[in-house]
Structures are given as C-alpha cells and as structure tokens.
Amino acid sequence: VPGFDPSLSMMTGITPINPMIPGMGLVPPPPPTDVPVVKEIIHCKSCTLFPPNPNLPPPSTRERPPGCKTVFVGGLPENATEEIIQEVFEQCGDITAIRKSKKNFCHIRFAEEFMVDKAIYLSGYRMRLGSSTDKKDSGRLHVDFAQARDDFYEWECKQRMLAREERHRRKMEEDRLRPPSPPAIMHYSEHEAALLAEKLKDDSKFSEAITVLLTWIERGEVNRRSANQFYSMVQSANSHVRRLMNEKAAHEQEMEQAKESFKNALTGILTQFEQIVAVFNASTRQKAWDHFSKAQRKNIDIWRKHSEELRNAHSEQLMGIRREEEMEMSDDDSGD
C-alpha cells in the first residue's frame with residue numbers, strides 16, 4: 001500500500017498494521033475465527049496506549065462514506081493537546097488537518113483513504129498521558145469514520161474524472177470500429193465534367209461516375225450554360241443500359257449452360273442408380289438369395305432400400321427440371 005510505513009513499530013512501539021486488512025478492497029476478508037486479535041501496549045513519547053480487553057467485541061463503526069479520508073476521534077483525555085494527537089496518529093499516515101474541539105474529541109484528515117483503516121485500528125485503546133494517574137490525563141479512544149464534505153467533494157471529482165476517461169475510451173473505440181466515411185464529391189466544373197464523361201463510358205468506373213453525376217444534379221449544378229454538358233452525360237448513362245442488357249444476356253446464357261450441364265450430370269447419376277438397384281434386385285432372386293447367409297441377406301436388403309430411396313429422389317428432381325422447361329416453352333409460345 002502506498003505510504004505504509006514499515007518502521008512503525010521501531011519508532012513508536014506500535015505493532016505494525018497489516019495493510020491488507022479487510023475492508024480496503026485489496027484482498028477478500030479472511031474467514032471469521034473465534035480467536036480474538038491480541039493488541040499490544042503502544043509506547044509513545046508523550047503518552048501510552050493500553051489495548052482493550054481482547055474478549056470484548058470490537059468497537060462498532062458507522063458505514064464508511066465514499067472517499068472517506070477523515071476520522072472522528074472521541075474519548076480523548078482533557079489535557080490532550082493537538083501535538084500529542086499529532087504524535088499518535090501521524091504514524092498512521094500523512095495528516096493534512098486536525099480540527100480539535102474544546103470537548104474531548106477531534107477530527108483528523110489524512111492524505112490517503114487507506115490511512116483511515118490504520119487509525120480505526122486504535123479504536124478502543126485507553127490513552128494515558130505520561131505516568132499521571134489524574135482523570136484528566138486519561139481517556140478511552142473511539143475512532144470512527146467521519147462524514148466530511150471535502151472528502152465527498154474529492155470523491156465526486158474523482159468519479160467524474162473516471163467517467164470522462166471511460167467516455168473518452170468508448171469514443172476512441174467507437175471511432176476505431178466506425179467504417180470510414182465515403183470521400184467527399186467534388187463540385188461541378190467544366191474540367192471535372194469532361195473527366196466524368198470519360199468515366200461514364202468506362203464499365204469499371206461507371207458506378208463511381210454515375211454517383212457523382214447524381215450528386216451534381218441534386219445539388220442544382222444544372223443551369224443554362226452547363227445544360228448541354230449535363231445532357232451529354234445523361235445520354236452516356238442511357239447508353240450504358242444497352243451494355244447492361246448485353247451483360248445480363250451473357251449471364252443468362254451461362255446459367256442455361258449450367259442448367260443443361262447439371263441436368264446431364266443428374267441423368268448420368270440416375271442411370272447408375274438404376275443399374276445399382278438392378279444388381280440388388282437380381283441378388284434377391286431365388287438363384288442367388290439362397291446362397292447368402294442371414295446377415296448378408298439383411299445387409300443386401302438394407303442397401304437395396306437405401307438405393308431405391310436415393311434413385312426415387314433423384315428421379316423426382318430430374319422430372320421437376322423437365323416440367324420447368326416445359327412450362328417455360330409454353331410461356332414462350334403464348335408470348336409469341
């Protein structure tokens with residue numbers, strides 16, 4: 001833990017406080033045990049701290065406020081000065097402020113949140129100034145979490161900063177995953193129009209060029225001066241219709257050839273299925289069937305049924321193709 005002083009016991013005699021104590025969020029709390037925690041006597045320069053009875057339950061504390069860096073310390077001896085309080089609690093961490101009341105309590109604000117847990121460790125100790133037995137020089141400490149506006153304000157600022165960082169991280173991630181924006185389309189000019197007219201005649205660049213032409217027309221770039229040039233480009237777009245129809249006809253021809261090839265292949269497959277089924281049927285006749293064993297007959301019968309199912313399925317598929325061709329031919333005749 002940052003700021004934890006390992007020389008705590010050597011300087012003041014305080015038993016080193018484990019920074020991994022439960023409640024700090026660093027490690028899960030250990031399972032509860034029936035063995036009480038034995039605290040030792042703490043010798044300071046100006047006072048002595050006597051531990052509470054280990055058989056008594058630990059001192060209760062309020063719910064920890066978010067971002068708590070301030071503790072309430074009650075039960076101080078009447079003669080305890082701010083210097084003595086500083087001497088005792090500065091071993092828990094850097095103290096930024098001590099607000100002492102005229103009564104027997106004070107508020108101590110530390111630099112970091114984990115230092116509060118070290119201060120809570122001292123709750124229940126009986127504090128005696130020097131070797132005096134005077135009642136005003138003795139008191140039982142009660143250390144608890146304090147609700148401080150400064151702590152809550154700093155915690156809120158930290159949460160807002162973390163939220164800003166999270167929003168920034170998400171925005172960076174969204175920007176990284178967002179598809180790139182399409183390039184901006186240039187404005188109309190006679191030079192750009194001449195280049196666009198050439199692209200409209202090129203099949204590989206037609207899609208890009210027709211998008212630019214559409215944008216120019218929608219922008220209102222057409223006027224009396226540019227009307228003839230735009231008419232020429234629209235005419236080029238119309239000429240592309242003939243190229244598209246030729247391309248479609250070529251694809252249809254390829255599709256018809258593929259259909260014919262598939263039908264021929266399917267016919268060949270069906271012929272072979274018929275031959276295989278004929279073999280199985282011949283095997284089941286009396287001349288051959290009597291010579292097969294019972295297990296062999298069973299397998300042959302299974303194979304025959306499976307082959308007949310496949311043959312029938314392929315036969316139906318081929319008949320469906322032929323019916324579609326007949327319907328197309330009848331449609332052509334009615335159209336003529």
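Predicted model only: the values in this text are computed from it and were never measured.

(A) The overall build of the protein chain, seen in detail. Counting its secondary structure elements, the protein chain contains nine helices and eight strands. A burial count over the protein chain gives 28% of its 336 residues as buried. Total accessible area on the protein chain stands at roughly 23400 Å², and carbon and sulfur atoms take up 54% of it.

(B) Structural detail: the sheet that holds strand S3 (residues 70-74). Pairing is antiparallel in the open sheet, where four strands are placed in the order S4-S5-S3-S8. One side of each edge strand has no neighbouring strand; the edge strands of this open sheet are strand S4 (95-100) and strand S8 (142-145). Across the sheet, the mean angle from the axis of one strand to that of its neighbour is 20°, orientation sign disregarded. Examined bridge by bridge, S4 and strand S5 (residues 105-110) share five bridges and lie antiparallel to one another. Residue pairing across strands places Arg 99 opposite His 107, the latter belonging to S5. Contacts between helix H2 (residues 82-89) and the sheet are confined to S3, S4, S5 and S8, with S4 contributing the most and set at about 140° to the helix.

(C) Main features of the UniProt feature "coiled-coil region" (unreviewed entry) in the protein chain. When the UniProt feature table is mapped onto this chain, "coiled-coil region" (unreviewed entry) is found at residues 234-261. Between the C-alpha atoms that bound residues 234-261 there is a distance of 41 Å. The span itself is 100% helix and 0% strand.

(D) Representation of the confidence of the model for the protein chain in the model. In the predicted model, the protein chain carries a mean pLDDT of 85, and 87% of its residues have values of at least 70. Below pLDDT 50 for its whole length, residues 1-28 participates in 45 contacts with residues either more than four positions away or in separate chains.

(E) Helix H5 (residues 190-200), seen in detail. Within the span of H5, buried status applies to Ala 193, Leu 196, Ala 197 and Leu 200. Viewed end-on, H5 has its buried residues packed into an arc of 105°, placing them on one side of the element. Seen from the buried face of H5, the exposed residues on the opposite side, beyond 90 degrees, are His 191 and Glu 198. Turning to H5, the residues buried within the fold contact helix H6 (206-219) and helix H7 (227-283).

(F) Broad picture of the sheet that holds strand S1 (residues 42-43). What the four strands build is an open sheet, ordered S1-S2-S6-S7; its pairing is antiparallel. Edge positions in the open sheet fall to S1 and strand S7 (138-140), since each of these has one partner strand only. Across two bridges, the pairing between S1 and strand S2 (residues 47-50) is antiparallel. Bridge pairing in S2 links Ile 42 to Leu 49.

(G) Layout of the environment of Glu 260. In this fold, Glu 260 is placed in helix H7. The sequence separation of Glu 260 and Ile 321 amounts to 61 residues, and the corresponding C-alpha distance is 9.9 Å.

(H) Spotlight on the pattern of salt bridges. Tallied over the entire structure, the rule returns 18 salt bridges. Between Glu 260 and Lys 263 there is a salt bridge whose closest N-O contact spans 3.7 Å. Separated by three residues within a single helix, Glu 260 and Lys 263 lie in helix H7, roughly one turn from each other. For Glu 260, a relative accessible area of 36% gives the class partly exposed. The shortest N-O distance in the salt bridge between Asp 301 and Arg 304 comes to 2.7 Å. Linking Asp 301 with Arg 304, this pair stays in helix H9 (residues 294-335), spanning three residues, or about one helical turn.

Calculation criteria
- Residues numbered from 1 in each chain as written.
- Predicted model: local features only at pLDDT ≥ 70, side-chain atom pairs only at ≥ 80, totals over all residues.
- Heavy atoms only, no water.
- Helix = DSSP H or I, 4+ residues; strand = E, 2+ residues; numbered from the N terminus.
- Buried < 20%, exposed > 50% of the residue type's maximum accessible area, 1.4 Å probe, protein only.
- Areas by Shrake-Rupley, 256 points an atom, 1.4 Å probe, with all protein chains shown as cover.
- Pairing = 2+ DSSP bridges.
- Axes fitted to C-alpha atoms, helices over the stretch in contact; angles between N-to-C directions.
- Contact = heavy atoms within 4.5 Å.
- UniProt positions renumbered as here; feature names shortened; annotations may be inferred.
- pLDDT = per-residue confidence, 0-100.
- Arc of directions from axis to C-beta.
- Salt bridge = Lys/Arg side-chain N within 4 Å of Asp/Glu carboxyl O.

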